[in-house]
Amino acid sequence: MKDAILRYDGREYALPVVEGSEGERAVDIANLRNDSGLITLDVGYQNTGSCKSAITFIDGDRGILRYRGYPIEELAELSTFPETAFLLIYGHLPSREERAVFSQRLTENSMIHEEMLRFFDGFPLTAHPMAILSTMVNALAVYYPRYFTDDWEVATFDLMAARLISKIRTIAAYSYKHSIGEPVVYPRHDLNYCANFLYMMFNSPVKPYDMDEDIVKALNALLILHADHEQNCSTSTVRLVGSSMVNLYSSICAGICALWGPLHGGANQQVIDMLEGIRDQGLTVRKCIEQAKDKNSRFRLFGFGHRVYKNYDPRARILKDKLDLLVRKFNVKEPLVDIALELEQAALTDDYFIERKLYPNVDFYSGILYRIMGIPSDMYTVLFAIGRLPGWIAQWKEMHDTLPFRIGRPRQVYTGETLRSYVPIDAR
Ligand code: SDX
């Protein structure tokens with residue numbers, strides 16, 4: 001591969017060009033500062049690669065998303081969330097034996113330490129479940145202190161990964177029960193991952209939960225669709241925090257906090273708030289579109305736009321189909337569905353959105369699906385975190401398995417005051 005040549009201040013610098021397995025190319029600037037004294041500046045990392053990765057491939061122009069080479073459309077239809085989690089973390093679809101071992105490990109680790117239940121008594125009923133989730137996940141490092149050590153032990157990693165994937169679901173369901181004043185429902189050993197979550201969320205001693213297979217399948221697809229998305233904000237956070245050699249639980253806690261932001265995973269809750277605003281405040285779809293285009297307004301069309309996808313987010317397309325299925329099966333009369341469809345059509349035919357290639361993203365329809373499942377809107381981003389967890393774990397593991405292992409430490413361009421002397425208070 002031919003080098004890239006940088007001409008600066010009368011000299012030429014040859015910069016190696018690397019090419020990925022899908023033909024993506026990058027200029028390797030690892031020695032740029034040593035050779036030329038220059039660094040690069042790319043606010044928001046719009047054009048900067050932080051790593052090489054073999055986990056997820058996205059082609060934003062063609063709306064392609066693959067996990068370890070498998071198209072998301074096939075995995076969402078044919079796989080299970082635990083199987084996809086195994087694929088992302090270990091790099092291959094599990095054999096029957098591997099799948100049975102992984103499934104058993106998830107079952108054995110589905111309870112949280114009984115003492116952790118006391119944490120919930122300290123949270124007010126109105127505590128946001130994302131704040132509870134990040135707290136409880138970090139607390140796993142207290143109750144399961146045998147975590148990352150210098151001598152990388154595969155068995156330790158496998159156990160930490162299973163604990164997180166299984167317990168995050170339990171913590172989420174317990175936070176919901178706490179918020180409605182009901183006793184927690186313990187996980188069962190005879191239910192699959194998604195059915196167990198719904199059971200812990202909605203079963204009650206006085207009203208058994210009526211499990212519906214299509215709801216379970218829709219949740220399975222939702223979690224698979226959220227499972228990884230290369231170097232997005234929260235995943236980059238997990239990598240950067242993990243590069244300090246802190247344990248996996250604390251690295252994941254940082255990812256949960258990053259995901260909570262309304263520009264990232266918090267958008268799914270914002271979408272429902274936006275749709276309810278149109279329904280309840282007499283906002284029209286047209287007014288909503290105009291507000292989103294108004295530079296003086298901080299309002300954005302949540303669930304629209306994406307840093308990488310400049311085409312329809314393939315996940316949104318699948319979720320829209322899942323939504324149609326549930327609406328037809330349950331004969332759902334949900335005004336928000338009609339408003340969302342009208343809003344999408346208005347945006348897709350508006351020059352502002354067309355010129356900026358703003359299409360529905362994964363968050364646009366996910367909230368309405370969760371709503372049909374009976375999940376409260378403040379838990380939508382928690383569901384996003386449950387789905388994204390295997391991707392965060394896979395990316396953390398890939399970083400630790402890649403040598404030389406280095407702590408992440410970006411540079412900056414200083415624009416502050418130049419040298420000046422201290423001035424005593426009486427002279428200021
Ligand atoms: C996720 O990175 C990932 O992979 C994330 C994710 C994942 O799986 O991890 O896919 C999950 O976070 C999806 C995105 C969820 N967020 C939202 O739906 C919030 C609304 N979207 C926007 O805030 C925005 O589109 C972002 C944050 C998603 C992307 O922001 P960028 O890439 O920094 O784009 P930008 O802000 O530079 O926008 C470019 C232009 C600007 O207009 P101009 O200055 O060129 O005139 O498009 C406009 C923006 O104002 N714009 C929008 C808009 N999104 C971009 N205008 C109105 N509504 C929007 N939603």
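What counts and how
All residue numbers here refer to positions counted from 1 along the written sequence of the relevant chain. At least 70 in pLDDT is required for a residue's local features to be given in this predicted model, at least 80 for side-chain atom pairs to be given and counted, and no such filter applies to totals for whole chains, interfaces and linings, which use all residues. Hydrogens and water are ignored here; the side-chain numbers use all heavy atoms of the structure. A molecule or strand has a residue near it when one of that residue's heavy atoms lies within 4 Å. Throughout this description, a polar contact denotes any pair of N or O atoms lying within 3.5 Å of each other; where both atoms belong to protein, one of them has to be capable of donating a hydrogen while the other can accept it, and for residues adjacent in sequence the pair is counted only when both atoms sit in side chains. Under the convention used here, a 1.4 Å probe and the Shrake-Rupley method define accessible areas, while residue burial counts only the protein chains that appear. Residue classes follow a fixed rule: Ala, Val, Leu, Ile, Met, Phe, Trp, Tyr, Cys and Pro count as nonpolar, while Asp, Glu, Lys and Arg count as charged, and any other residue, Gly among them, counts as polar. Secondary structure is summarised from DSSP: a helix means a run of H or I of at least four residues, a strand means a run of E of at least two, and numbering begins at the N terminus for each. The split of the chain into domains comes from an automatic or database domain assignment. It only takes one pair of heavy atoms within 4.5 Å for two residues to be counted as in contact. Buried area is understood as the total, over both parts, of accessible area removed when two parts are fitted together, assessed with a 1.4 Å probe. Each reported salt bridge corresponds to a side-chain nitrogen of Lys or Arg within 4 Å of a carboxyl oxygen of Asp or Glu. Burial classes follow relative accessibility: with a 1.4 Å probe on protein chains only, a residue under 20% of its type's maximum area counts as buried, one over 50% as exposed, and anything between as partly exposed.

Draft legend 1. Expanded view of the site of the ligand. In the vicinity of the ligand lie 24 residues, with H229, H306, R307, R315 and R388 positioned nearest. Within the contact set of the ligand, an oxygen atom lies 2.9 Å away from a side-chain nitrogen or oxygen of H264. At 2.8 Å, a backbone N or O of G303 approaches an oxygen atom of the ligand. When isolated, the ligand has an accessible area of 1100 Å², and the protein chains bury 78% of it. Split by residue class, the shell around the ligand holds 10 nonpolar, seven polar and seven charged.

Draft legend 2. Highlighting unusual backbone geometry. Omega for the bond connecting L403 with P404 falls within 30 degrees of zero, at 0°, which places this linkage in the cis form. One non-glycine residue, D9, lies in the positive phi region at around 50°. Examined against the element boundaries, D9 turns out to sit in the loop between β1 (4-8) and β2 (11-15). Look at K357: it is not a glycine, yet its phi comes out positive at around 50°. Counting through the fold element by element, K357 comes out in the loop between α16 (351-355) and α17 (362-372).

Draft legend 3. Local environment of the domain arrangement of the protein. Domain parsing of the protein yields domain 1 (4-64), domain 2 (71-259) and domain 3 (267-373). Centre-to-centre, using C-alpha coordinates, domain 2 lies 27 Å away from domain 3. Opposite the 16 residues of domain 2 that make contact, domain 3 presents 17 residues. Carbon and sulfur atoms make up 69% of the area that domain 2 and domain 3 hide from each other, which totals about 1600 Å². When residues of domain 2 are sorted by the area they lose upon contact with domain 3, L222, L225 and H229 head the list and together hold 34% of the total. Seen at the junction of domain 2 and domain 3, the total is three salt bridges. In this structure, K329 engages D214 in a salt bridge whose closest nitrogen and oxygen atoms are separated by 2.8 Å. Joining domain 2 to domain 3, the criterion identifies five residue pairs in polar contact (both at pLDDT 80 or more). Listed by contribution, the elements that provide at least two residues to the side of domain 2 that touches domain 3 are α2 (72-78) and α9 (213-225). Looking at the side of domain 2 that touches domain 3, the element that brings in the most residues is α9, giving seven residues. For the side of domain 2 that touches domain 3, the class distribution of residues is nine nonpolar, three polar and four charged.

Draft legend 4. Highlighting the environment of L32. Structurally, L32 is set in helix α1 (residues 32-36). Between the C-alpha atom of L32 and that of C257, which follows or precedes it by 225 residues, the distance is 33 Å. In this structure L32 touches L6, L15, G37, L38, I39 and T40, once residues within four positions along its chain are discounted.

Draft legend 5. Up close: the side chain of S243. On the secondary structure map, S243 appears in the loop between α10 (233-242) and α11 (248-259). We classify S243 as buried; its relative accessible area is 3%. Within the structure, the side chain of S243 is placed 2.9 Å from the backbone nitrogen of G408, a separation counted as a polar contact. When near neighbours in sequence (up to four residues on either side) are disregarded, S243 contacts M399, F405, R406, I407 and G408.

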